[in-house]
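# Coordinate inspection notes
Letter by letter, the chains look like this.
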Amino acid sequence: MARTTRMRPNVPAGVAGFLWLLVALVPVYYVVITSLRTQEGFFSDNPLVPPSDPSLDSYRLVLESDFLLYLVNSIVVTLGAVLITVSLSLMASYFVVRGTGRLSGMTHKVFLLGLAIPLQATIIPVYYLITEARMYDTLLAIILPSAAFAIPLTVVILSNFLRDVPNELFESMRVDGAGHWRMLVSLVLPLMRPALVTVAVYDGLQVWNGFLFPLILTQSPDQRVLPLALWSFQGQFTVNIPAVLAAVVLSTLPVLALYILGRRHLVSGLTAGFGK
Amino acid sequence: MSITQREERAVPASDRDRTTRPAHRSGPSVWMAMPALVFFGIFGLVPLGGVVALSLVNWDGIGEMSWAGLANWATVLTEPATYHAIWLSIEFMVVCWLVQTPISLLLGVFLAGRSRYRAVLGVLYFVPMLLSAAAIAIAFKALLDPNFGMSLAFGIEALSQDWLGDPDLALYVVIGVVAWQFIPFHTLLYQAGARQIPAALYEAATIDGAGTVRQFFHVTLPQLRYTFITSSTLMLVGSLTYFDLVFVLTGGGPGDATRMLPLHMYLTGFSANEMGEGSVLAVLLVFTGLVLALGLSGLASFRKGSQMEGM
């Protein structure tokens, strides 16, 4: 009964909710319809009315530039960083949760402290390390620090999930003579699939959209990733806004696909990881 | 993220394991955590010390370094530009928090209600989370263009201002765009928090005759205080250190109207090639960020006792 009273339609809240929907979606809508305009149309049409003669010229222009190269770079960087982050963090969270000594508590503290370190403040030393290691202007230069800075949050979230795996399961495997590596591979890995998908999508999104590391650690066009490419498109096509916005749409499509596929996991997983 | 909250959970867990498990059953070896620790150590902890060391040298980013002692510190601490950047960062941080917190809180509580249309709205609200800061900055630059942007859509004179070119407006425009980018994430946190409030509390409040508004203030708000601290910590530290969107949207301009601390640090280090002075600014940034994060999580643990009794 209390539930039904609580669910009574709340009209002011509903109206405010739809207003925010407009705020959230109008800019996205604007980007999509503007990318379909011709360059002349951009200067004369009403920007919020869809073009009467949609044109894909901007998309052609973007795809004929080196967009596909930047796309491949972004995919390599994102996959590389996510693989490193998730596999190292899974092992570390196993030690944090299943470890017995003082060391596991200390490890946990290191990663909690790590959450508070702002990546932006470390760019000068990171730049120094990367140049000293002769990795400047390579994709690896983006992958390594991006993965490293994703580790603390990933460990913390995975540890939260791992604590919920019942001890009996570990015990019964131990009785069967399994070591920690086998438990990690054949017990933890399958049970934690949803959690792993969550952190992989979340970390992937961060790396895919990351701007600062690519900006300071790469330079040449053939090592460029998408966010940086958008920024340089903007300098290159200053008068051709529809083309710049077509690049924005194209760079977001892979993420949108991932969001549609993994939305349920992402939202429920993140809320479980953050919300406790 | 409440830092202390997690620590306290971890320690009793390992205590329990130690007492119930016979001694010969050993836990996993620390080597399992080593790769992550080493990796994070190299790129996270070493740079934290490195930034202090680099603040004591002259370096242009390419050539040889030379010892500078405290000269960079003296330069940075006597420059008005430093205080301007710090002041802007504080203003940005506070206004961002004031704008984003009420909206995220209300939207989060709204989305936590279980009805079909709210679930659909929720999916659509999160779309801005998918865009990169560079993409968002480019989109809003076009939308806010005084000649071809929104002004052309409505023909309203007030909309055709030079939003990003007016030094008095630019900071607030940046704050607005940042709010558009981050409110979805904080809405998600508040939604999760609100869903964990036991339904029994609302039932009791209804029996006592409390309406929706009183329930919000007397049940929902007090129950959300941990979410509030988590969200506020992420929001304050995040906006103190935010770089990407400001860099693409304004580049610090017009003039130095949006040249906040992180951007000032980047431009000093990588554009003016004064890595030493940039590192001094980075030390200031790390220090403020850590104090803020630890202070806020201290606040969380200080108030923890009273929260737990009610549960």
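Quantities reported herein were computed from a predicted structural model and do not represent experimental measurements.

### Let's talk about the overall build of chain B
- Along chain B, the regular secondary structure elements total 15 helices and 2 strands.
- A total of 311 residues make up chain B; the buried ones form 55% of that total.
- Here chain B displays about 13400 Å² of accessible surface, and carbon together with sulfur accounts for 67% of that area.

### Looking at the overall build of chain A
- Scanning chain A from N- to C-terminus turns up 14 helices and 0 strands.
- Taken across its 276 residues, chain A has 56% of its residues classed as buried.
- Expressed as a percentage of contacts within chain A between residues at least 6 apart in sequence, the contacts between residues at least 24 apart total 73%.
- Roughly 11900 Å² of accessible area belongs to chain A as shown, and the carbon and sulfur atoms make up 67% of that amount.

### A closer look at the packing of helix H5 (residues 67-98) of chain A against helix H13 (residues 226-236) of chain A
Residue and element names in this part refer to chain A.
- Between H5 and H13, the shortest axis-to-axis distance is 8 Å and the interhelical angle comes to 150 degrees. Between H5 and H13, the crossing angle belongs to the class labelled roughly antiparallel. Contacts between H5 and H13 involve Phe67, Tyr70, Leu71 and Ser74 from the former and Leu226, Pro227, Ala229 and Phe233 from the latter.
- Across the contact of H5 with H13, the residue classes tally to 7 nonpolar, 1 polar and no charged.

### Considering the packing of helix H8 (residues 139-162) of chain A against helix H11 (residues 193-209) of chain A
Residue and element names in this part refer to chain A.
- For the pair H8 and H11, the least separation of the axes is 10 Å and the interaxial angle reads 155 degrees. It follows from the interaxial angle that H8 and H11 lie roughly antiparallel. Here H8 runs over H11; the crossing is right-handed. Packed against H8, whose contacting residues are Ser146, Ala150, Leu153, Thr154, Ile157, Leu158 and Phe161, the element H11 presents Ala195, Leu196, Val199, Tyr202, Asp203 and Val207 at the interface.
- Per-class residue counts for the contact of H8 with H11 are 10 nonpolar, 2 polar and 1 charged.

### Looking at the nonpolar core
- In this structure, A:Ile123, A:Ile216, B:Phe92, B:Tyr125, B:Leu245 and B:Tyr266 are the most contacted members of the largest nonpolar core, which totals 167 residues.
- When sequence neighbours within four positions are dropped, the list of residues in contact with B:Leu245 reads B:Ala133, B:Ile136, B:Ala137, B:Val174, B:Val177, B:Val178 and B:Gln181.

### Quick notes on the interface of chain A and chain B
- Contact with chain A, which involves 104 residues of that partner, is made by 98 residues of chain B.
- For the pair chain A and chain B, the two sides together bury roughly 9400 Å², of which 76% comes from carbon and sulfur.
- Remark: the boundary between chain A and chain B carries 0 salt bridges.
- Summed over the shared surface of chain A and chain B, the number is 8 residue pairs in polar contact (both at pLDDT 80 or more).
- It is helix H14 (residues 241-275) of chain A that contributes the most residues to the side of chain A that touches chain B, 15 residues altogether.
- Partitioning the side of chain A that touches chain B into residue classes produces 71 nonpolar, 22 polar and 11 charged.

### Brief notes about the environment of A:Ser251
All names here are of chain A.
- Mapping Ser251 onto the fold places it in helix H14.
- Sequence separation between Ser251 and Ala229 is 22 residues, and the spatial gap between their C-alpha atoms is 9.5 Å.
- If we ignore the near neighbours within four places in the chain, the residues touching Ser251 are Phe67, Trp208, Leu226 and Leu230.

### Overview of the side chain of B:Thr258
All names here are of chain B.
- One can find Thr258 in the loop between helix H12 (244-249) and helix H13 (261-271).
- Taking relative accessible area as the criterion, Thr258 reaches 0% and is therefore assigned buried.
- Within the local environment of Thr258, its side chain forms a polar contact with the side chain of Thr250, the two groups lying 2.7 Å apart.

### Remarks on the packing of aromatic side chains
- For the coordinates displayed, the defined rule picks out 23 aromatic pairs over all chains.
- Taken together, the ring pairs in this structure connect A:Tyr127, A:Tyr128, A:Tyr136, A:Phe211, A:Trp231, B:Trp59, B:Phe243, B:Phe247, B:Tyr266 and B:Phe270 into an aromatic cluster.
- We note A:Arg98 situated over the ring of A:Phe170; from NZ or CZ to the ring centre the distance is 3.7 Å.

### Quick notes on H8(A)
Residue and element names in this part refer to chain A.
- Counted at 1.5 Å a residue, the expected span for H8 with its 24 residues is 34 Å, and the 32 Å between its end C-alpha atoms agrees.
- Of all the bends in H8, the greatest reaches close to 40 degrees and is centred on Ile151; the proline Pro152 follows between one and four positions later.
- Among the 24 residues that make up H8, 22 are buried, leaving the element largely enclosed by the rest of the structure.

### Examining the confidence of the model for chain A
Residue and element names in this part refer to chain A.
- Looking at chain A as a whole, the pLDDT averages 85, with 92% of positions reaching at least 70.
- When pLDDT is averaged over each element of chain A, helix H12 (residues 212-217) comes out on top at 94 and helix H1 (residues 2-6) at the bottom at 44.
- Every residue in residues 1-6 scores below 50 in pLDDT, and together they form 5 contacts with partners more than four places removed in sequence or on other chains.

### Description of the pattern of salt bridges
Residue and element names in this part refer to chain A.
- Tallied over the full model, the rule gives 2 salt bridges over all chains.
- Residues Arg174 and Glu171 are paired through a salt bridge, measuring 3.8 Å at the closest nitrogen-oxygen approach. In this pair, Arg174 and Glu171 are both assigned in helix H9 (residues 167-175), 3 residues apart and thus about one turn of the helix distant. The two residues Arg174 and Glu171 agree in class, both being buried.

### Some remarks on helix H6 (residues 133-143) of chain B
- Burial within H6(B) is extensive, with 10 of its 11 residues counted as buried.
- All of the buried residues in H6(B) are B:Ala133, B:Ala134, B:Ala135, B:Ile136, B:Ala137, B:Ile138, B:Ala139, B:Phe140, B:Ala142 and B:Leu143.

### Re the environment of B:Ala179
All names here are of chain B.
- Structurally, Ala179 is set in helix H8 (residues 170-195).
- The class of Ala179 is buried, set by a relative accessible area of 5%.
- Through-space distance from the C-alpha of Ala179 to that of Trp97 is 8.9 Å; in sequence the pair is 82 residues apart.
- When neighbours within four sequence positions are excluded, Ala179 is seen to be in contact with Val99, Gln100 and Pro184.

### A closer look at the confidence of the model for chain B
Residues and elements named next belong to chain B.
- A residue-level look at chain B finds 87% of positions with pLDDT of 70 or above and a mean pLDDT of 82.
- Averaged pLDDT values for the elements of chain B fall to 40 in helix H15 (residues 304-309) and rise to 93 in helix H4 (residues 80-112).
- Counting interchain partners and residues more than four positions distant, the pLDDT-below-50 stretch residues 1-24 has 41 contacts.

### As for unusual backbone geometry
Residues and elements named next belong to chain A.
- Notably, Arg134 is not glycine yet its phi reads approximately 55 degrees, a positive angle.
- Turning to its location among the elements, Arg134 is positioned in the loop between helix H7 (123-132) and H8.
- Backbone geometry at Asp137 places phi at a positive 65 degrees, although glycine is not the residue there.
- Within the fold, Asp137 resides in the loop between H7 and H8.

Here is what the cut-offs are and how they apply
- Residues numbered from 1 in each chain as written.
- Chains lettered and ligands numbered in written order.
- Predicted model: local features only at pLDDT ≥ 70, side-chain atom pairs only at ≥ 80, totals over all residues.
- Heavy atoms only, no water.
- Helix = DSSP H or I, 4+ residues; strand = E, 2+ residues; numbered from the N terminus.
- Buried < 20%, exposed > 50% of the residue type's maximum accessible area, 1.4 Å probe, protein only.
- Areas by Shrake-Rupley, 256 points an atom, 1.4 Å probe, with all protein chains shown as cover.
- Contact = heavy atoms within 4.5 Å.
- Axes fitted to C-alpha atoms, helices over the stretch in contact; angles between N-to-C directions.
- Parallel < 35°, antiparallel > 145°, perpendicular 65-115°, else oblique.
- Nonpolar A, V, L, I, M, F, W, Y, C, P; charged D, E, K, R; others polar.
- Left-handed = near helix turned anticlockwise from the far one by under 90°.
- Core = buried A, V, L, I, M, F, W, Y, C linked by side-chain atoms within 4.5 Å.
- Buried area = accessible area lost by both parts, 1.4 Å probe.
- Salt bridge = Lys/Arg side-chain N within 4 Å of Asp/Glu carboxyl O.
- Polar contact = N/O pair within 3.5 Å; in protein donor to acceptor, adjacent residues only side chain to side chain.
- Phe/Tyr/Trp six-rings, centres within 6.5 Å; stacked < 30°, edge-to-face > 60°.
- Lys NZ or Arg CZ within 6 Å of the ring centre and 35° of its normal.
- Expected span 1.5 Å × (residues − 1).
- Bend = angle between axes of the 7 residues up to and from the residue.
- pLDDT = per-residue confidence, 0-100.

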